[in-house]
Amino acid sequence: MDAQDIIVRPVVSEKTFDLAGEGRYTFEVASRANKIQIREAIETLFNVHVTAVNTMWVQGKSRRMGRLKPGRTPKWKKAIVTLVAGESIPIFETG
């Protein structure tokens, strides 16, 4: 897999911006990617050094498809990446 195939998108929320202040960045990643692949992808895409990678599955939410038909949104994989102190990823910068 290519680095751009592994990292799908950054997860943007109030909680992830608070974590970014601590040097921890959150991304949606490919479902088949492992921690080693995620680490290498982040290091090549953003030119930073990663100290830890935590992954988890986010369950899909219940939604209605049409008027009465129940359904679910798909589950997805999330990775929280911790960087070396003093480094940052510019897409999470505010201001």
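Draft legend 1. Up close: unusual backbone geometry. Within the chain, Asn47 stands out as a residue other than glycine whose phi angle is a positive 55°. Its location among the elements puts Asn47 in the loop between helix H3 (35–46) and strand E3 (50–58). On the accessibility criterion, Asn47 (68% relative accessible area) is exposed.

Draft legend 2. Local environment of the nonpolar core. Among the nonpolar cores identified, the biggest contains 20 residues, and Ile7, Phe27, Ile38 and Ile42 are the most heavily contacted of them. Counting residues per element, the ones that place at least two in this core are helix H1 (3–6), strand E2 (24–29), H3, E3 and strand E6 (76–83). Not counting chain neighbours up to four residues away, the residues in contact with Ile38 comprise Ile6, Ile7, Val29, Ala33, Val53, Thr55, Ala79 and Val81.

Draft legend 3. Summary view of the sheet that holds E3. Ordered in space as E1-E2-E6-E3, the four strands form an open sheet in which the pairing is antiparallel. In the strand order of this sheet, the two ends are held by strand E1 (7–10) and E3, each with one partner. Shown here is a sheet whose adjacent strand axes are inclined to one another by a mean of 35°, direction ignored. With three bridges joining them, E1 and E2 adopt antiparallel strand pairing. From the neighbouring strand, Pro10 faces E2, where its bridge partner is Phe27. Sitting on the sheet, H3 is in contact with E1, E2, E3 and E6, with an inclination near 120° to E3.

Criteria and thresholds
Residues numbered from 1 in each chain as written. Predicted model: local features only at pLDDT ≥ 70, side-chain atom pairs only at ≥ 80, totals over all residues. Heavy atoms only, no water. Helix = DSSP H or I, 4+ residues; strand = E, 2+ residues; numbered from the N terminus. Buried < 20%, exposed > 50% of the residue type's maximum accessible area, 1.4 Å probe, protein only. Core = buried A, V, L, I, M, F, W, Y, C linked by side-chain atoms within 4.5 Å. Contact = heavy atoms within 4.5 Å. Pairing = 2+ DSSP bridges. Axes fitted to C-alpha atoms, helices over the stretch in contact; angles between N-to-C directions.

Interpretation in functional terms is not warranted from these geometric data alone.
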